Protein chains: 2
Amino acid sequence: METLHVVIVGAGFGGLAAARELADAPVRVTLVDKNNFHTFQPLLYQVATSGLASADVAYPVRGIVARQENLAFRQATVIGADLGAKVLHLQHDEHEVEDLHYDHLVVAAGASTNTFGIPGVDHHGFPLYNLADAVRLRNHVLERFEAVDAEPALIDEGALTFVVVGGGPTGVEVAGALTELFKMVLRKDFPQLDIDRARVVLVEMQDHVLGPFSPVSQRHARRALEERGVDVRLGVQVARARGNQVTFADGEELPCQTLIWAAGVQANPVGAALGLTTGRGGRIEVLPDLSVADHPGVWAIGDVAAIVDAKGRAGTLLPQLAPVAIQSGRHVARQICCVAAGRPAPSAPFHYRDKGTMATIGRSRAVAELPLGIKLRGFPAWLAWLGLHLVMLAGFRNRISVFANWAWNWLTYDRGPRLIFRARSTKE
Amino acid sequence: METLHVVIVGAGFGGLAAARELADAPVRVTLVDKNNFHTFQPLLYQVATSGLASADVAYPVRGIVARQENLAFRQATVIGADLGAKVLHLQHDEHEVEDLHYDHLVVAAGASTNTFGIPGVDHHGFPLYNLADAVRLRNHVLERFEAVDAEPALIDEGALTFVVVGGGPTGVEVAGALTELFKMVLRKDFPQLDIDRARVVLVEMQDHVLGPFSPVSQRHARRALEERGVDVRLGVQVARARGNQVTFADGEELPCQTLIWAAGVQANPVGAALGLTTGRGGRIEVLPDLSVADHPGVWAIGDVAAIVDAKGRAGTLLPQLAPVAIQSGRHVARQICCVAAGRPAPSAPFHYRDKGTMATIGRSRAVAELPLGIKLRGFPAWLAWLGLHLVMLAGFRNRISVFANWAWNWLTYDRGPRLIFRARSTKE
């Protein structure tokens, strides 16, 4: 029997988990990603707020999979497929195209920001979903302060007003981190500036932050944010965004040059590009075993897949979180292992084991909700958050670097690489 | 007497040294740079070869000068001046212009690459003079390997041929570091690839590398490079560069997709923009005390200044090196201190004290020539090089990070952030 070829699209949490699970299987694995690095998305907000360097949250995929002998990495973009012939069409930077035959195709392409068609947000909003987003936001935030230092009148035009839309973990974490960057670091960097004029406004359309958390954690998070000076606005929606103004649904107009969009994600459009059926948020429809109906050998996992929550109300989908991606990736890999071993695919339904959720609200504050009803708040939750993220981080070297940076930031109230820097692909 | 206002253009080694020397003087200092960070240029080649992250060699200027109360930083570009009225014209990112009145103007704008008008080099060559250059080169080198991994035939088109032009310290260091990146790291990252097909060619028009060094050090450096597999070609000049080919003066054509240009620098054009007299390499003509004739209060230091070497043959200029920049910056600052203290400017001529030069040739190999005829080679020279650069590096945090990275690289034969990443100023 010829060795099966498994192609995994996406080197995020889900794709890497699936790849690792196939390490000892009698298959050839090709892992495809448009970047040559894996991005540790949970810490992107720290790059955006100068707490970590971009290299701390990105790790070369080839470094991660170097020891897995049945795996090859391919840096390329998926531009289409012939699912009947089981051929995937790839494009490389050099605009060369490549056809890749697969026996099993695992789509793990993740998600991208969803602006829900609100006018101006696509153009003026700052998402925080990939490394380029984070560096772009960091540059923009620091440039506001440099501009105001030269021309203080710009403050009245919203140069120091930072609106964060979305009260989920990302929104809460970036809002908290911004206030700390301003009060602990930029206060020293800009002594002539009245730092208290820098405002962070957190906007959430529901009447609480941290939707998936319990009310007690929600209240704790809100209090922690307000103690840090964040203007938390609940039950509020954004109606329109301009370069120097945000308009809310109630008609209020706020001068603001920085709109950070953490209000939602949609699936990576690769599903449609492959001709697969997509549902809510562009997520690929999957059967309970995470295979795609009518397309033998095609699977979808993680953020890009519409995975029904067996335990939830009828039709509810599992959240687009790292643990779901990792567990669904392993589940699919195990199915493929069976086929590779010559056994029939068990078609076992995927069951998600919720291991809890966490969110940090800056220095020494966090909320964590673990199984068995364990709820942590404040410093213990923050330590749990630090530990978990250090363990999850890919690459021993990155773990050391991130830990050292955190220790430094915590002990000195300092921040690291607050650089305004763009690598050009061509010379100036 | 009103406080004198000293404006320093450039936050490189020279500008920072001048600023520090003025810390206790009764003057107001404004430090101007187009970037908000100081770049530690001696280690740029390690960023280009994935040994260090960009944040390791860049440090926020505001962090460096935070404790200096008589200093303000301004991120802006110099677009001109009215030297008669002692007014400097600045431009900010927002295209706002600002007029800055000065009593003393210290021009410390550094240098940029000089391609000597050789056809194609401006467009196809990769300089290594600023942080953007280094990251751009790193991206390009890693992209060659990704491309070849997908399409091995590209090797015959020069995808893995890396020509380094210039046998000075920068050329020697980048050539040595490239061979180590290939043999120690990319060999593991690209197991399917015959890494020995990756070639590094070092081209020097003179008959020896490391011009300023003694013949024994030159021979040692050349031997060390050749032991690492570098094809060292002496007495050779580049006649033309194309995207996939280099043509040498003798007519030989070499397929090559990466031409690294380390063959020379010229002064930053700011001198001409300010209407100052410039000489060889666009360097600003200065009097022996580093003041500019006919323009009271204007001084030039470091790479941008044509400083005559009092000890050298008539007309020879001091080399464009960090120690010259630092010493000349301090010299000018001391002159200004005298004036600020109400004493007449001593018009003391600047005397450069040569403290020696060093160049590293990768892992555990270097050459160092210190005063009193002390010459070090191999491991001792390498340790001296490490120590000196750690001490010179701005920022305790960066010192720790660089030291940790070096220790890691040396112990594990690994490299760090081999990322292909460009921060976009706009969204894709």
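The model shown is predicted, which means the values in this text are computed figures rather than measured ones.

### With respect to the overall build of chain A
When its secondary structure is counted, chain A shows 11 helices and 25 strands. Compactness check: chain A gives a C-alpha radius of gyration of 22 Å against a globular reference of 22 Å for 428 residues, within 12% of the reference. Each of the three principal axes of chain A carries a C-alpha extent, and together these read 75 × 55 × 45 Å. Counting over 428 residues, chain A shows a buried share of 59%.

### Details of the pattern of salt bridges
Enumeration over the complete set of coordinates arrives at 30 salt bridges over all chains. As a salt-bridge pair, Glu-180 of chain A and Arg-228 of chain A come within 3.3 Å of each other at their nearest N and O atoms. Taken together, the positions of Glu-180 of chain A in helix H6 (residues 169–189) and Arg-228 of chain A in the loop between helix H7 (215–227) and strand E14 (231–234) put the pair 48 residues apart, joining distant regions of the chain. One exposure class covers both Glu-180 of chain A and Arg-228 of chain A, and it is buried. The partner of Glu-21 of chain B in a salt bridge is Arg-334 of chain B, with the nearest N and O atoms 3.4 Å apart. Note that Glu-21 of chain B is positioned in helix H1 (residues 13–21) and Arg-334 of chain B in helix H9 (residues 322–340), a separation of 313 residues in sequence. When its relative accessible area of 41% is taken as the criterion, Arg-334 of chain B is described as partly exposed.

### Thoughts on the interface of chain A and chain B
Taken together, the contact pairs 60 residues of chain A with 59 residues of chain B. The contact between chain A and chain B buries some 5,000 Å² in all, and 52% of this surface belongs to carbon and sulfur atoms. Across the chain A-chain B interface, the total number found is 6 salt bridges. Between Arg-74 of chain A and Asp-149 of chain B there is a salt bridge whose closest N-O contact spans 3.5 Å. Linking chain A with chain B are 12 residue pairs in polar contact (both at pLDDT 80 or more), by the criterion used here. Mapped onto the side of chain A that touches chain B, the elements with two or more residues apiece are strand E4 (58–60), helix H3 (61–65), strand E5 (71–75), helix H4 (121–124), strand E11 (125–127), helix H5 (131–150) and helix H11 (396–412) of chain A. Residues belonging to the side of chain A that touches chain B are distributed by class as follows: 26 nonpolar, 13 polar and 21 charged.

### Overview of helix H7 (residues 215–227) of chain B
Because an α-helix packs 3.6 residues into every turn, residues spaced three or four apart end up facing the same way. Residues and elements named next belong to chain B. Taking 1.5 Å of rise per residue, the 13 residues of H7 would be expected to cover 18 Å, and the 18 Å separating its terminal C-alpha atoms lies within 8% of that figure. Every buried residue of H7 is listed here: Ser-217, Gln-218, His-220, Ala-221, Ala-224 and Leu-225. Looking straight down H7, one finds that the buried residues subtend no more than 165 degrees of arc, so they occupy a single side. Summarising the geometry of H7, the exposed residues directed more than 90 degrees from the buried face are Pro-215, Arg-219 and Glu-227. The inward-facing, buried residues of H7 abut helix H6 (169–189), strand E13 (199–204), strand E14 (231–234), strand E24 (366–369), strand E25 (375–377) and helix H10 (378–392).

### With respect to a nonpolar patch on the surface
Residue and element names in this part refer to chain A. There is a patch of nonpolar side chains on the surface, built from Phe-379, Leu-383, Trp-410 and Leu-411 and spanning about 390 Å² of accessible area. When residues of the nonpolar patch are traced back to their parent elements, those giving at least two are helix H10 (378–392) and H11. Summarising the element assignment, Leu-411 is placed in helix H11. In this structure Leu-411 comes out as exposed when scored by relative accessible area, which is 61%.

### Details of the packing of aromatic side chains
Residue and element names in this part refer to chain B. What the rule picks out here adds up to 14 aromatic pairs over all chains. Arranged with centres 5.1 Å apart and planes meeting at 50 degrees, the rings of Phe-145 and Phe-182 form a pair that is tilted. Here Phe-145, found in helix H5 (residues 131–150), pairs with Phe-182, found in helix H6; they are 37 residues apart in sequence, far enough to count as distant. The burial state of Phe-145 is the same as that of Phe-182; both residues are buried.

### Regarding the relation of the copies chain A and chain B
Overlaying chain A with chain B gives an RMSD of 0.0 Å, the required rotation being 180 degrees about an axis along which the chain moves by 0.0 Å. Those values place the two copies in the arrangement expected of a two-fold rotation axis.

### Focus: the sheet that holds strand E25 (residues 375–377) of chain A
Residues and elements named next belong to chain A. In spatial order, the strands read E23-E24-E25; together these 3 strands make up an open sheet with antiparallel pairing. Edge strands, defined here as strands with exactly one partner in the open sheet, are strand E23 (357–360) and E25. Neighbouring strand axes in the sheet, compared pairwise and without regard to direction, differ in orientation by 5 degrees on average. As defined by bridge partners, E23 adjoins strand E24 (residues 366–369) across 4 bridges and the pair is classed as antiparallel. Within the sheet, the bridge partner assigned to Ala-359 lies in E24 and is Val-367. Running at roughly 105 degrees to E25, H10 makes contact with E23, E24 and E25 of the sheet.

### Notes on the packing of H5 of chain A against H6 of chain A
All names here are of chain A. The geometry of H5 relative to H6 is characterised by a closest axis approach of 13 Å and an angle of 45 degrees between their N-to-C directions. Classified by the angle their axes make, H5 and H6 are oblique. Of the two elements, H5 crosses H6, and the hand of that crossing is right-handed. Taken together, the residues of H6 that come into contact with H5 (itself represented by Val-141, Leu-142 and Phe-145) are Leu-178, Phe-182 and Leu-186.

### Regarding helix H1 (residues 13–21) of chain A
Judged by how many residues are buried, H1 of chain A sits mostly within the fold: 7 of 9 residues are covered. Taken together, the buried positions of H1 of chain A are Phe-13, Gly-14, Gly-15, Leu-16, Ala-17, Ala-18 and Ala-19 of chain A.

### Some points on the sheet that holds strand E7 (residues 87–91) of chain B
Note on sheets: strands pair through backbone hydrogen bonds, and any given pair is parallel or antiparallel. Residue and element names in this part refer to chain B. A sheet is described by the order of its strands in space; here 3 strands give the open sequence E6-E7-E8, paired in antiparallel fashion. Looking at strand neighbours, the two that pair on one side only are strand E6 (77–82) and strand E8 (97–101), the edges of this open sheet. Strand-to-strand twist of the sheet, defined as the mean angle between neighbouring strand axes without regard to direction, takes the value 25 degrees. Direction of pairing for E7 relative to E8: antiparallel, over a ladder of 5 bridges. Each bridged residue has a counterpart across the sheet, and for His-89 the counterpart in E8 is Asp-99.

### Comments concerning the pairing of strand E12 (residues 161–165) of chain B
One face of the sheet, then the other: side chains in a regular strand alternate in exactly this way. Residue and element names in this part refer to chain B. Taking burial as the measure, the 5 residues of E12 include 5 buried ones, the bulk of the element. Two elements, E12 and E13, share 5 bridges in a ladder whose sense is parallel. Residue pairing across strands places Thr-161 opposite Arg-199, the latter belonging to E13. Following the chain from E12 across H6 to the adjacent parallel E13, one finds a crossover that is right-handed. Note that E12 and strand E18 (residues 258–261) share 4 bridges and pair parallel. Counterpart to Val-165 in the pairing with E18 is Trp-261.

Parameters at a glance
- Residues numbered from 1 in each chain as written.
- Chains lettered and ligands numbered in written order.
- Predicted model: local features only at pLDDT ≥ 70, side-chain atom pairs only at ≥ 80, totals over all residues.
- Heavy atoms only, no water.
- Helix = DSSP H or I, 4+ residues; strand = E, 2+ residues; numbered from the N terminus.
- Rg over C-alpha atoms; globule rule 2.2 N^0.38 Å.
- Buried < 20%, exposed > 50% of the residue type's maximum accessible area, 1.4 Å probe, protein only.
- Salt bridge = Lys/Arg side-chain N within 4 Å of Asp/Glu carboxyl O.
- Contact = heavy atoms within 4.5 Å.
- Buried area = accessible area lost by both parts, 1.4 Å probe.
- Polar contact = N/O pair within 3.5 Å; in protein donor to acceptor, adjacent residues only side chain to side chain.
- Nonpolar A, V, L, I, M, F, W, Y, C, P; charged D, E, K, R; others polar.
- Expected span 1.5 Å × (residues − 1).
- Arc of directions from axis to C-beta.
- Patch = residues over 30% accessible without salt bridge, like charges linked within 9 Å, V, L, I, M, F, W, Y side chains within 5 Å.
- Areas by Shrake-Rupley, 256 points an atom, 1.4 Å probe, with all protein chains shown as cover.
- Phe/Tyr/Trp six-rings, centres within 6.5 Å; stacked < 30°, edge-to-face > 60°.
- Least-squares fit on C-alpha atoms with pLDDT ≥ 70 in both.
- Pairing = 2+ DSSP bridges.
- Axes fitted to C-alpha atoms, helices over the stretch in contact; angles between N-to-C directions.
- Parallel < 35°, antiparallel > 145°, perpendicular 65-115°, else oblique.
- Left-handed = near helix turned anticlockwise from the far one by under 90°.
- Right-handed = clockwise from strand over helix to strand, strands pointing away.

Treat this as a map of the structure, not an account of what it does.
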